[in-house]
Amino acid sequence: QVQLVESGGALVQPGGSLRLSCAASGFTFSRYAMNWYRQAPGKERELVARIFTSGRLPVYVDFVRGRFTISRDNAKNTVFLQMNGLKPEDTAVYYCNTYFNGADYWGQGTQVIVSS
């Protein structure tokens, strides 16, 4: 059974940093790309970053490029999202995601609130 468990969300002041983690189980983690999405209140879920199996050449959406870094540890079946320079508009529930064999898999999400 595929499981994705996010952690690390918190309340942080603007300009602060957080590191999100997603622990994966139930599939061969190293074989699949991993994604971080987010969903702000009243908005649709949107892709934040993607990392491929080797960890090289990750993909970022424009609004986080230069501030967020996605990484993975294939030995620990974990994907990370280092978030620096957080802004109030980064407030959202952040979800870990992967896709294979025709199915999307999601974690339960972790809440990030950026506020003074």
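This is a predicted model, so every value here is computed, not measured.

Participant: Kindly report on the nonpolar core, identifying the contributing residues and their values.
Facilitator: Residues Trp36, Val79, Leu81, Met83 and Tyr94 are the most contacted members of the largest nonpolar core, which totals 29 residues. Where this core is concerned, the elements lending two or more residues are β3 (18-25), β4 (34-39), β5 (46-51), β7 (68-73), β8 (78-83), β9 (92-100) and β11 (110-114).

Participant: Before we move on, can you summarise the sheet that holds β8 with the specific residues and values?
Facilitator: The strand order β1-β3-β8-β7 describes an open sheet built from four strands, whose pairing is antiparallel. In this open sheet, the two edge strands, each paired with only one partner strand, are β1 (3-7) and β7. Here the strands of the sheet are splayed against their neighbours by 15° on average, with no regard to which way each runs. The sheet contact formed by β3 and β8 spans six bridges and is antiparallel. Looking at β8, one finds that Leu18 is bridged to Met83.

Participant: Give me the lowdown on the packing of aromatic side chains, citing residues and values where you can.
Facilitator: Under the definition given, this model contains seven aromatic pairs. Every member of this aromatic cluster is reached through a ring pair, and the members are Phe27, Phe29, Tyr32, Phe100 and Tyr105. A cation over a ring is seen here: Arg45 above Tyr95, with NZ or CZ 3.7 Å from the ring centre. Between Arg72 and the ring centre of Phe29, over which it is positioned, the NZ or CZ distance is 4.4 Å.

Analysis parameters
- Residues numbered from 1 in each chain as written.
- Predicted model: local features only at pLDDT ≥ 70, side-chain atom pairs only at ≥ 80, totals over all residues.
- Heavy atoms only, no water.
- Core = buried A, V, L, I, M, F, W, Y, C linked by side-chain atoms within 4.5 Å.
- Buried < 20%, exposed > 50% of the residue type's maximum accessible area, 1.4 Å probe, protein only.
- Helix = DSSP H or I, 4+ residues; strand = E, 2+ residues; numbered from the N terminus.
- Pairing = 2+ DSSP bridges.
- Axes fitted to C-alpha atoms, helices over the stretch in contact; angles between N-to-C directions.
- Phe/Tyr/Trp six-rings, centres within 6.5 Å; stacked < 30°, edge-to-face > 60°.
- Lys NZ or Arg CZ within 6 Å of the ring centre and 35° of its normal.

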